Amino acid sequence: MIQFDPHQKVYVCTHVFDGSQPVTLVSRPDGDWCFLCGSEHEDDASSYRVVGIGHLFDTDPTIQDLSDLEPNWEAERQRPGQTWLRTRCEPNN
Ligand SMILES: [Zn+2]
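Residues numbered from 1 in each chain as written. Predicted model: local features only at pLDDT ≥ 70, side-chain atom pairs only at ≥ 80, totals over all residues. Heavy atoms only, no water.

Here's the deal with the pairing of strand E1 (residues 9–13)
Note the threshold: The pairing criterion for strands is at least two bridges between them, as found by DSSP. Under the scheme used here, helices are H or I runs from DSSP no shorter than 4 residues and strands are E runs no shorter than 2 residues, and both carry numbers assigned from the N terminus.
For E1 and strand E4 (residues 48–52), the ladder comprises 5 bridges, and the chain directions are antiparallel. Looking at the pairing, Lys-9 lines up with Gly-52 of E4. Judged from the 2 bridges that link them, E1 and strand E3 (residues 34–36) form a sheet pairing that is parallel. From the neighbouring strand, Val-12 faces E3, where its bridge partner is Phe-35.

A word on the coordination of the zinc ion
Under the convention used in this document: Counted as donors are N, O and S atoms no farther than 2.8 Å from the metal, or 3.2 Å for Na, K and Ca; water is not among the atoms, and sites may therefore look incomplete.
Every protein donor of the zinc ion is accounted for by Cys-13 (SG), His-15 (ND1), Cys-37 (SG) and His-41 (NE2), and the metal-donor separations fall at 2.0 to 2.3 Å. Positions of the donor residues of the zinc ion, expressed as sequence spacing, correspond to C-x1-H-x21-C-x3-H. Placement of Cys-13 in strand E1 and of Cys-37 in the loop between E3 and E4 is noted, with a sequence separation of 24 residues between them.

Some points on the pattern of salt bridges
Condition: The working definition used for a salt bridge is a side-chain nitrogen of Lys or Arg within 4 Å of a carboxyl oxygen of Asp or Glu. The cut-offs for exposure are 20% and 50% of the maximum accessible area for each residue type, with area from a 1.4 Å probe on protein chains only; residues under the lower value are buried, those over the upper are exposed, and the others partly exposed.
According to the stated counting rule, one finds 2 salt bridges in the structure shown. The salt bridge partner of Asp-60 is Arg-77, with a shortest N-O separation of 2.4 Å. Of the two residues, Asp-60 sits in the loop between helix H2 (54–59) and strand E5 (73–76) while Arg-77 sits in the loop between E5 and strand E6 (85–88), which places them 17 residues apart along the sequence. Comparing Asp-60 with Arg-77 shows no difference in burial state: the two are buried. The salt bridge involving Asp-68 is made with Arg-86; its shortest N-O contact spans 3.0 Å. On the criterion of sequence distance, the pair formed by Asp-68 in the loop between H2 and E5 and Arg-86 in strand E6 is long-range, its members being 18 residues apart. Overall, the relative accessible area of 34% leaves Arg-86 in the partly exposed class.

So, the side chain of Thr-24
As a reminder, the rule being used: For this analysis, a polar contact is any N or O atom pair within 3.5 Å, provided that within protein one partner can donate a hydrogen and the other can accept it, and provided that sequence-adjacent residues contribute only side-chain to side-chain pairs. In what follows, residue pairs with any heavy atoms lying within 4.5 Å of each other are defined as contacts.
Within the secondary structure layout, Thr-24 lies in the loop between helix H1 (14–17) and strand E2 (25–27). What makes Thr-24 buried here is its relative accessible area of 11%. For Thr-24, the side chain forms a polar contact with the main-chain oxygen of Cys-37, separated by 2.6 Å. Excluding residues that lie within four positions of it along the chain, Thr-24 makes contacts with Leu-36, Cys-37, Gly-38, Ala-75, Glu-76, Arg-77, Gln-78, Arg-79 and Trp-84.

Structure representation (structure tokens):
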């Protein structure tokens, strides 16, 4: 079973970073990891923060279910506790 390295650096939106919103959208553009609240964000570095993924497990252990999510796929859920729904994304280029 694939497991996350808790020191893996990932992107979170500022809402997830400050704990005001749960993670409901996980995407892997170009193989990076993005953990987002699902709202619209400015396409700007100031809307995102970089954290160690281990910090996200503390608030939401179900994120570890996504350790095998492949690049250019995303996973979505309505709210915490619901099943992650995976979809393949077409690369932008
Ligand atoms: Zn957000």
